[in-house]
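Observations on chain architecture
Spelled out, the chains give:
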Amino acid sequence: MIVDDHLALSVLSGRRSLSEPGEQAPSIPWGFHFRLVRAVLDTRTRGRISSRADEQMRAVIMAPPAELLRVLDPRHLTLTAARLMARYPVSVVGAELLAAGIVLGVPVHVTDGNVGRSWHDIALAEKIELRVQPANPPN
């Protein structure tokens, strides 16, 4: 499965388990991993992500263990992402995320706050399984 930065943080912090035992770890596109790393490194602001990350968590985010989270090589997604951007109104990170679902043929899991306006229409047109989850699931 493909995940966004908020779901990746939940996985890396142990708050959520998205894969079943024996399944491959979730994957994050490079653009969303970059956003996550930047959020924890930017000391000028304290956002939802950076406020929850201590030094140990920052180290895990910057170099996630492959058994918890795989960072996808963007080169394998570039052509498909560019095609999506040429057809639809979507950002680079959104196109890369959706392209990962197409190229790898797996569901894309994203938190409700990250869903772009056109993503549902793109997912429907391109036959991408888009699963929207609450950013803060009930306990």
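Residues numbered from 1 in each chain as written. Predicted model: local features only at pLDDT ≥ 70, side-chain atom pairs only at ≥ 80, totals over all residues. Heavy atoms only, no water.

1. Structural notes on the pattern of salt bridges
Pairing between side chains of opposite charge can happen when the charged atoms of each approach one another. One pass over the structure, following the stated rule, counts five salt bridges. Here Arg58 and Glu55 are joined by a salt bridge, their closest N and O atoms 3.3 Å apart. In this pair, Arg58 and Glu55 both sit in helix H3 (residues 55-62), three residues apart, roughly one turn of the helix. Judged by its relative accessible area of 13%, Arg58 falls in the buried class. Note that Glu129 is salt-bridged to Arg131, the shortest N-O span being 2.3 Å. With relative accessibility at 40%, the residue Glu129 sits in the partly exposed group. (Salt bridge = Lys/Arg side-chain N within 4 Å of Asp/Glu carboxyl O. Helix = DSSP H or I, 4+ residues; strand = E, 2+ residues; numbered from the N terminus. Buried < 20%, exposed > 50% of the residue type's maximum accessible area, 1.4 Å probe, protein only.)

2. A short note on the nonpolar core
Ranked by internal contacts, the top residues of the largest apolar core, which has 31 residues, are Ile61, Leu97, Leu98, Trp119 and Leu130. For this core, the secondary-structure elements that each account for two or more residues are strand E1 (2-3), helix H1 (5-12), helix H2 (30-41), H3, helix H4 (78-87), helix H5 (92-104), strand E4 (108-111) and helix H6 (119-126). Of the residues forming this core, the biggest block, five residues, is contributed by H5. Ignoring any residue separated from it by four or fewer positions in sequence, one finds Trp119 in contact with Phe32, Val90, Gly94, Leu97, Leu98, Val110, Asn114 and Leu130. (Core = buried A, V, L, I, M, F, W, Y, C linked by side-chain atoms within 4.5 Å. Contact = heavy atoms within 4.5 Å.)

3. A closer look at the side chain of Thr111
Along the chain, the position of Thr111 falls in strand E4. Filtering out sequence-adjacent residues up to four positions away, Thr111 remains in contact with Asp4, His6, Leu7, Val132, Gln133, Pro134 and Ala135.

4. Examining the confidence of the model for the protein chain
With 86% of its residues at a pLDDT of 70 or more, the protein chain has an overall mean of 88. Across the protein chain, element-level confidence peaks in H4 with a mean pLDDT of 98 and bottoms out in H3 with 88. (pLDDT = per-residue confidence, 0-100.)

5. Section: H6
Where H6 is concerned, the buried positions are Trp119, Ile122 and Ala123. Summarising the axial view, the buried residues of H6 lie within an arc of 100°, below the 170-degree limit, and thus occupy one face. Exposed side of H6, more than 90 degrees from the buried face: Asp121 and Leu124 are the residues found there. In this structure, the buried residues of H6 make contact with H2, H4, H5, E4 and strand E5 (130-133). (Arc of directions from axis to C-beta.)

6. Concerning the pairing of E4
Judged by which residues are buried, E4 turns out to be covered on both faces: Val108 and Val110 on one side and His109 and Thr111 on the other are all buried. In terms of strand pairing, E1 meets E4 through two bridges, oriented parallel. Pairing of Ile2 across the sheet is with Val108, part of E4. With H6 bridging E4 and the parallel E5, this β-α-β connection has right-handed handedness. (Pairing = 2+ DSSP bridges. Right-handed = clockwise from strand over helix to strand, strands pointing away.)

7. Thoughts on the environment of Ser118
Position of Ser118 relative to the elements: it lies in the loop between E4 and H6. Classification of Ser118 by relative accessible area gives buried; the value is 12%. Filtering out sequence-adjacent residues up to four positions away, Ser118 remains in contact with Pro89 and Val90.

8. Considerations on H1
Judged by how many residues are buried, H1 sits mostly within the fold: eight of eight residues are covered. What H1 keeps buried is the set Asp5, His6, Leu7, Ala8, Leu9, Ser10, Val11 and Leu12. Residues of H1 that are buried sit in contact with E1, strand E2 (27-28), H2, H3, E4 and E5. Two to three positions downstream of the cap, the backbone nitrogen of His6 sits 3.3 Å from a side-chain oxygen, assigning the N-cap of H1 to Asp4. Directly beyond the C-terminal end of H1, a positive phi value near 85° is found at Gly14. (Polar contact = N/O pair within 3.5 Å; in protein donor to acceptor, adjacent residues only side chain to side chain.)

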